[in-house]
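Here are the chains, one letter per residue:
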Amino acid sequence: MRIDLHVHTSASDGLLTPTELAGAVRAGGVEIFSVCDHDTVDGLAAATRAADAAGLTSVPGVEISAFWGAVEFHILGYFIDPTHAALRSFLGATREARHARLRAMLTRLHAMGIGVPPEDVLARAHNGNVGRPHLARTLVERGYVGSVDEAFDRYLGTNRPAYVPRPDVRVRDAIAVIRAAGGIASLAHPGLHQRDEAIPELTAAGLEAIEVYHPHHAVGVARRYRRVAQRHNLLVTGGSDFHGSGEGDHGGAVGVPCLPEADYERLRAAARARGAILPG
Ligand code: AMP
Ligand code: ZN
Ligand code: FE
Ligand code: FE
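Residues numbered from 1 in each chain as written. Chains lettered and ligands numbered in written order. Predicted model: local features only at pLDDT ≥ 70, side-chain atom pairs only at ≥ 80, totals over all residues. Heavy atoms only, no water.

Peer 1: It is not clear to me how the coordination of the iron ion (ligand 4) should be interpreted in this structure. Could you clarify?
Peer 2: Four donors placed tetrahedrally around a metal ideally meet at 109.5 degrees, and six donors placed octahedrally ideally meet at 90 or 180 degrees. In this structure, H6 (NE2), H8 (NE2), E63 (OE) and D241 (OD) serve as the protein donors to the iron ion (ligand 4), at separations of 2.1 to 2.2 Å. Seen from the iron ion (ligand 4), its four donor atoms lie at angles of 78 to 166 degrees, and the figure they make is irregular. (Donors = N, O, S within 2.8 Å, 3.2 Å for Na, K, Ca; no water. Tetrahedral: all angles 85-135°; square planar, octahedral: opposite > 155°, others 65-115°.)

Peer 1: Mind showing me how you'd approach the packing of helix 5 (residues 132–141) against helix 6 (residues 148–156) here?
Peer 2: Relative placement of two packed helices is described by the angle separating their axes and the distance separating the axes. Where helix 5 contacts helix 6, the two axes come as close as 9 Å, and the packing angle between them is 105 degrees. Classified by the angle between their axes, helix 5 and helix 6 sit roughly perpendicular to one another. On helix 6, the residues that touch R132, P133, L135, A136, R137, L139 and V140 of helix 5 are V148, A151, F152, Y155 and L156. Its residues placed into classes, the contact of helix 5 with helix 6 shows 10 nonpolar, no polar and two charged. (Axes fitted to C-alpha atoms, helices over the stretch in contact; angles between N-to-C directions. Helix = DSSP H or I, 4+ residues; strand = E, 2+ residues; numbered from the N terminus. Parallel < 35°, antiparallel > 145°, perpendicular 65-115°, else oblique. Contact = heavy atoms within 4.5 Å. Nonpolar A, V, L, I, M, F, W, Y, C, P; charged D, E, K, R; others polar.)

Peer 1: Would you take a moment to explain the site of ligand 1 for this structure?
Peer 2: What surrounds ligand 1 is a group of 12 residues, the closest being H38, R98, R101, R132 and D149. One of the side-chain nitrogen or oxygen atoms of H38 is found 2.8 Å away from an oxygen atom of ligand 1. R101 has a polar side-chain atom sitting 2.8 Å from an oxygen atom of ligand 1. In the complex, the protein chains occlude 87% of the 500 Å² of accessible area that ligand 1 would expose alone. In terms of residue count, the dominant contributor to the shell around ligand 1 is helix 6 (three residues). (Near = heavy atom within 4 Å. Polar contact = N/O pair within 3.5 Å; in protein donor to acceptor, adjacent residues only side chain to side chain. Areas by Shrake-Rupley, 256 points an atom, 1.4 Å probe, with all protein chains shown as cover.)

Peer 1: What's the story with the coordination of the iron ion (ligand 3) in this structure? I'm lost.
Peer 2: Bound to the iron ion (ligand 3) are the protein donor atoms E63 (OE), H74 (ND1) and H189 (NE2), situated 2.1 to 2.2 Å from the metal. Ordering the donors of the iron ion (ligand 3) by residue number gives the pattern E-x10-H-x114-H. Between the iron ion (ligand 3) and the zinc ion (ligand 2) there is a metal-metal distance of 6.0 Å. Of this pair, E63 sits in strand 4 (residues 61–68) while H189 sits in the loop between strand 6 (184–187) and helix 8 (190–193), and the two are 126 residues apart along the sequence.

Peer 1: In this structure, what is going on with helix 2 (residues 44–54)? I would like to understand it.
Peer 2: It helps to recall that an α-helix has 3.6 residues per turn; residues three or four apart then point in one direction. Buried within helix 2 we find L44, A47, A50 and A51. What you see down the axis of helix 2 is that its buried residues fit within an arc of 130 degrees, all on one side. The exposed set on the far side of helix 2, more than 90 degrees from its buried face, consists of R49, D52 and A53. (Buried < 20%, exposed > 50% of the residue type's maximum accessible area, 1.4 Å probe, protein only. Arc of directions from axis to C-beta.)

Peer 1: Sorry, what's going on with the pattern of salt bridges here?
Peer 2: Side chains that differ in sign of charge can pair as their charged atoms come close. Enumeration according to the criterion identifies 13 salt bridges in this entry. Notably, a salt bridge pairs E197 with R195, separated by 2.8 Å at the nearest N-O pair. (Salt bridge = Lys/Arg side-chain N within 4 Å of Asp/Glu carboxyl O.)

Peer 1: It is not clear to me how the state of the cysteines should be interpreted in this structure. Could you clarify?
Peer 2: Covalently bonding the sulfur atom of one cysteine to the sulfur atom of another cysteine gives a disulfide. The full count for this structure, using the stated rule, is zero disulfides. Lacking any disulfide linkage, C36 is separated from the closest cysteine sulfur, that of C258, by 15 Å. (Disulfide = S-S within 2.5 Å.)

Peer 1: I keep staring at the packing of aromatic side chains and nothing clicks. Help me out?
Peer 2: The geometry of an aromatic ring pair is captured by two quantities: the separation of the ring centres and the angle between the planes. Counted under the stated rule, the structure contains two aromatic pairs. With centroids separated by 6.1 Å and ring planes inclined at 45 degrees, the aromatic side chains of W68 and F73 adopt a geometry described as tilted. A relative accessible area of 1% means that F73 is categorised as buried. Here the aromatic rings of F79 and Y264 are separated by 6.4 Å at their centres, their planes lie at 35 degrees, and the arrangement is tilted. Here Y264 lies in helix 11 (residues 261–273) and F79 lies in the loop between strand 5 (71–78) and helix 3 (85–111), a separation of 185 residues in the sequence. The same class applies to F79 and to Y264, which are both buried. Its end group placed over the ring of Y225, R224 keeps NZ or CZ at 4.8 Å from the ring centre. (Phe/Tyr/Trp six-rings, centres within 6.5 Å; stacked < 30°, edge-to-face > 60°. Lys NZ or Arg CZ within 6 Å of the ring centre and 35° of its normal.)

Peer 1: Explain the sheet that holds strand 3 (residues 57–58) to me, please; I cannot follow it from the model alone.
Peer 2: For sheets, the rule is that strands pair by backbone hydrogen bonds, running either parallel or antiparallel. With respect to topology, three strands assemble into an open sheet ordered 1-2-3, the strand pairing being parallel. Bordering the open sheet on either side are strand 1 (2–7) and strand 3, each of which pairs with just one other strand. In the sheet, strand 2 (residues 30–35) pairs with strand 3 via two bridges, with the strands oriented parallel. The residue of strand 3 that forms the bridge with F33 is S58. Along the sheet, helix 11 contacts strand 1, strand 2 and strand 3; its crossing angle with strand 1, the most-contacted strand, is approximately 60 degrees. (Pairing = 2+ DSSP bridges.)

This is how it looks when you write it as structure tokens:
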């Protein structure tokens, strides 16, 4: 059985709608998947409907951007209750912060002679859930750059001139709200950050898993994080971080890599012990 616990939809910065995504999941031979959109649960209801119709299992998820000091981490939440009031108000505040950040990025670009109206960027974002990829795609369409990758390399990537951090969300708050909503918090793609010294502190704050399998983790890296998980008594998650084909660095394929069934069963058992409503 193929399991992919990290895919994105157009409810955040993915290119496929939840329904289209379910089709891609099925075509990729994946049976269990989790939509983990950036700072939103807006795609989950449609994903679950499409999964049911296609005979697939959809695990409700989210990927929250949060800061540990100056370091940006992504915290995945699994088996969350998307209707939970505290989670909804947390994500509502995040959406506002993303709008303010978009305006700050546009101000920086303007100072570099690049004028982009905010409406153009927001028009690409579902329900106001705007991120850097929407801005990158606007810059491509307006001819300022040749590709999304170039937009990140030149302007939007970490510490590039139009990069604006959003340190209003702290990692411990992200973990707490995931747990309040009945979910299991997992540190996304730790190999991308290379800040393993944070893991004990995050674990003390309620982190229960780490993402061992990710397209940016080479085999040796995944093996190393399996040992880290063992050492800290953490569960193991993994997935493709699929954003839709044609998205350069984040194109990839659904189900590559996937999560071993035994790891999924342990995650599911932990969620059940918590009283989460389990799908499938
Ligand atoms: P944001 O949530 O607004 O901070 O944007 C983060 C998202 O931008 C990531 O989840 C990726 O989808 C995308 N991204 C980050 N770096 C790159 C890159 N170098 N090339 C293409 N997309 C990227
Ligand atoms: Zn993304
Ligand atoms: Fe991420
Ligand atoms: Fe992701």
